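# Descriptive analysis of the structure
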Amino acid sequence: MRKYIILLGSVLLLAGCSEFNQPISSEHEGIWNQYIVWPIVSVIQIVAEFTGSYAGGIILVTVLVRICILPLSLKQMKSSRAMQALQPQLRELQKTYSPKNEETQRQYQQEMMKLMQSTGANPIAGCLPVLIQMPVLLGLYHAISRMNVTPMYELGSIFNVPLATSSIIFAILAGVMQYIVVKTGPTLKANSQMSFMQYLLPIMIMIFGFIAPVAITLYWIISSFISVLQNLYLYKILYRENKDVSLISETK
């Protein structure tokens with residue numbers, strides 16, 4: 001099943017890439033155009049008319065997307081807190097299976113999975129909000145690029161920076177905002193690989209921002225800002241107020 005999903009995603013991506021620099025309208029056919037790109041273009045257009053600018057439309061669309069994935073963000077928070085509570089037990093497992101050979105590592109992985117399953121902890125849950133946003137980002141990237149070559153759309157600018165062009169300043173700001181998201185969120189010291197991946201994400205976003213339109217980096221900046229506010233409340237306020245509550249029991 002997973003192979004078919006990956007294959008379908010690849011087909012949709014290639015279909016979208018083949019028309020990357022072509023104008024967009026409701027008459028364009030294909031799953032990618034009809035169900036991804038054109039709906040995003042339509043939403044941006046409607047919201048832009050309400051806010052008075054395409055920049056305002058993108059910001060409001062970003063807020064709406066974050067509201068939609070809020071349940072996943074809350075699930076991410078619970079899983080992260082459960083992972084924090086499991087760190088002492090994970091460190092004990094690492095000591096128990098410290099010899100670095102294939103057999104001990106296999107046993108360590110098995111015991112770690114059993115421990116996580118018994119408590120409901122899931123480190124992959126932390127990636128769900130980002131993964132959910134990927135189709136939106138890709139669709140937005142195509143929508144903005146195709147709107148830019150469609151005569152009926154005039155994207156305009158934000159702070160005198162055209163939305164359809166790339167900007168080093170916005171790219172750096174997007175990377176910095178994602179770094180702040182990492183710093184305000186939980187730190188999984190027991191899992192150095194996961195921690196490394198968390199710090200690698202800001203760099204990847206910054207590099208992508210160097211070539212992406214400002215409209216894309218604007219989406220990520222606003223989304224990251226919302227994540228920072230969310231982390232400050234969930235991890236710095238709510239967590240401290242309930243620090244005596246059993247974290248593992250919340251995830252069951």
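Residues numbered from 1 in each chain as written. Predicted model: local features only at pLDDT ≥ 70, side-chain atom pairs only at ≥ 80, totals over all residues. Heavy atoms only, no water.

Check the secondary structure of the chain and you find 10 helices and 2 strands. Counting all 252 residues of the chain, 39% fall into the buried class. Contacts in the chain between residues at least 24 apart in sequence constitute 76% of all its contacts with a sequence separation of at least 6. In the structure as shown, the chain presents an accessible area of about 14600 Å², 65% of it carried by carbon and sulfur atoms. (Helix = DSSP H or I, 4+ residues; strand = E, 2+ residues; numbered from the N terminus. Buried < 20%, exposed > 50% of the residue type's maximum accessible area, 1.4 Å probe, protein only. Contact = heavy atoms within 4.5 Å. Areas by Shrake-Rupley, 256 points an atom, 1.4 Å probe, with all protein chains shown as cover.)

With that settled, consider the side chain of Thr150. Mapped onto the fold, Thr150 is located in the loop between helix H6 (128-148) and strand S1 (157-158). Overall, the relative accessible area of 6% leaves Thr150 in the buried class. At 2.6 Å, the side chain of Thr150 forms a polar contact with the backbone oxygen of Arg146. Discounting residues that sit within four places of it in the chain, Thr150 has contacts with Pro23 and Ile24. (Polar contact = N/O pair within 3.5 Å; in protein donor to acceptor, adjacent residues only side chain to side chain.)

Moving on: the nonpolar core. In terms of nonpolar packing, the biggest core is built from 39 residues, with Tyr54, Met147 and Leu163 touching the most fellow members. Those elements that provide at least two residues to this core are helix H2 (31-51), helix H3 (54-68), H6, helix H7 (168-184) and helix H9 (214-241). Met147 has contacts with Ile24, Val41, Ile44, Tyr54, Tyr153 and Leu155, leaving out every residue within four places of it along the chain. Membership of the second largest hydrophobic core comes to 9 residues, among which are Leu86, Leu90, Tyr97 and Leu115. (Core = buried A, V, L, I, M, F, W, Y, C linked by side-chain atoms within 4.5 Å.)

Summary statistics for the chain give a mean pLDDT of 75 and a share of 73% for residues scoring 70 or more. Scored below 50 in pLDDT, residues 1-8 shows 0 contacts in the model against residues more than four places distant or in partner chains. In this model, residues 243-252 is a region of pLDDT below 50 whose contacts with residues beyond four sequence positions or in other chains number 18 contacts. (pLDDT = per-residue confidence, 0-100.)

Even without being a glycine, Phe159 presents a positive backbone phi close to 55 degrees. Its location among the elements puts Phe159 in the loop between S1 and strand S2 (161-162).

We now examine the side chain of Arg146. Mapped onto the elements, Arg146 comes out in helix H6. Polar side-chain contacts of Arg146 include one of 3.2 Å to the backbone oxygen of Pro23.

Here the focus is the environment of Val63. By the element assignment, Val63 lies in helix H3. On the accessibility criterion, Val63 (30% relative accessible area) is partly exposed.

Once that is clear, we can look at H7. In this model, H7 (17 residues) spans 24 Å end to end at C-alpha, consistent with the 24 Å of a helix rising 1.5 Å per residue. All buried positions along H7 are accounted for by Phe170, Ala171, Ala174, Gly175, Met177, Gln178, Val181, Val182 and Thr184. Its side-chain oxygen 3.4 Å from the backbone nitrogen of Ile169, Ser167 forms the N-cap of H7. (Expected span 1.5 Å × (residues − 1).)

Along the polypeptide, Ala171 turns up in helix H7. Spatially, the C-alpha atoms of Ala171 and Ile207 are 7.3 Å apart, while their sequence positions differ by 36 residues. Ignoring anything within four residues of it in the chain, the contact list for Ala171 reads Met206, Gly209, Phe210 and Thr217.

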